[in-house]
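A structural walkthrough
The chain contents come next:
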Amino acid sequence: RSWSGFAQPSLPRISGELVAHVKQKPGRKFFKQAITVWDNGRFKINPIETQGSGDLAGFSVANSLLILEPEVAHLRAGQQVEALLLENGSNENNE
C-alpha cells in the first residue's frame, strides 16, 4: 500500500461494540463491511448486510471492515469486536 501512495500503509485496527448480530460459516477469516461511528467515547460497529462480493452499493457506504476470525460462527450485539477503519475514518461527521 505504501508504494501506491498511501500515507499509512496499514489500516488502523480498532475495538468497539457490535450493534447487530452477525453469523458466518466458520472455517475461514472473513472481513465484513460495516459502518463504524464514534458515540459517547467509544466505537460502535454496525455490520452491513450485502448480496455478496459484487454488491457495490453495500461496500460504498462501508467505512470499516469487521474482523471475523475462522473459529467464529456468530457474534451477538453488544459484544466487543475488532475492525479495520477504511480511509474515510469513523463516519462521525456523516451520521
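Everything below is about the structure printed above this text.
This text gives an overview of the structure that appears in the document. On a predicted model such as this, the values are computed, not experimentally measured, just so you know. (Residues numbered from 1 in each chain as written. Predicted model: local features only at pLDDT ≥ 70, side-chain atom pairs only at ≥ 80, totals over all residues. Heavy atoms only, no water.)

Attention now goes to the environment of Val 61. Inspection of the secondary structure assignment puts Val 61 in helix H1 (residues 56–61). Taking the C-alpha atoms as reference points, Val 61 and Ile 48, 13 residues apart in sequence, are found 8.7 Å from one another. Setting aside its immediate chain neighbours within four residues, Val 61 contacts Ile 35 and Ile 48. (Helix = DSSP H or I, 4+ residues; strand = E, 2+ residues; numbered from the N terminus. Contact = heavy atoms within 4.5 Å.)

The next point concerns the sheet that holds strand E1 (residues 13–18). The five strands lie next to each other as E1-E4-E3-E5-E7, forming a closed barrel whose pairing is mixed. Across the sheet, the axes of successive neighbouring strands diverge by a mean angle of 50 degrees, strand direction being ignored. (Pairing = 2+ DSSP bridges. Axes fitted to C-alpha atoms, helices over the stretch in contact; angles between N-to-C directions.)

According to the stated counting rule, one finds four salt bridges in the structure shown. Residue Arg 13 is joined to Glu 82 by a salt bridge in which the shortest nitrogen-to-oxygen separation is 2.7 Å. Of this pair, Arg 13 sits in strand E1 while Glu 82 sits in strand E7 (residues 80–85), placing them 69 residues apart in sequence. Assessed through its relative accessible area of 46%, Arg 13 is described here as partly exposed. In this structure, Glu 17 and Arg 42 form a salt bridge, with 3.2 Å as the shortest nitrogen-oxygen distance. (Salt bridge = Lys/Arg side-chain N within 4 Å of Asp/Glu carboxyl O. Buried < 20%, exposed > 50% of the residue type's maximum accessible area, 1.4 Å probe, protein only.)

Here we come to unusual backbone geometry. Non-glycine residue Asn 40 carries a positive phi angle of around 50 degrees. In this structure, Asn 40 sits in the loop between strand E3 (30–39) and strand E4 (42–47).

On to the packing of aromatic side chains, then. Both the distance between ring centres and the angle between the ring planes are used here to describe each pair of aromatic rings. All chains considered together, the criterion is met by one aromatic pair. An angle of 75 degrees between the planes, with centres 4.7 Å apart, marks the rings of Trp 38 and Phe 43 as edge-to-face. Among the residues examined, Phe 43 registers a relative accessible area of 17% and is labelled buried. (Phe/Tyr/Trp six-rings, centres within 6.5 Å; stacked < 30°, edge-to-face > 60°.)

Before going further, it helps to spend a moment on the side chain of Lys 32. The topology assignment puts Lys 32 in strand E3. One buried charged residue, Lys 32, remains without a salt bridge, the closest side chain of opposite sign being Glu 49 at 4.0 Å. Look past the residues within four positions of Lys 32 in its chain and what remains in contact with it is Val 22, Pro 47, Ile 48, Glu 49, Ser 64, Leu 65, Leu 66 and Leu 68. (Lys, Arg positive; Asp, Glu negative; His and termini not counted.)

Here E3 pairs with strand E5 (residues 64–68) via five bridges, running antiparallel. For Phe 31, the partnering residue across the bridge sits in E5 and is Ile 67. Examined bridge by bridge, E3 and E4 share six bridges and lie antiparallel to one another. By the bridge assignment, Val 37 is partnered in E4 with Lys 44. In textbook terms, the turn of a hairpin is the stretch between consecutive antiparallel strands, and for E3 and E4 this stretch comprises two residues, one of which, Asn 40, has a positive phi near 50 degrees.

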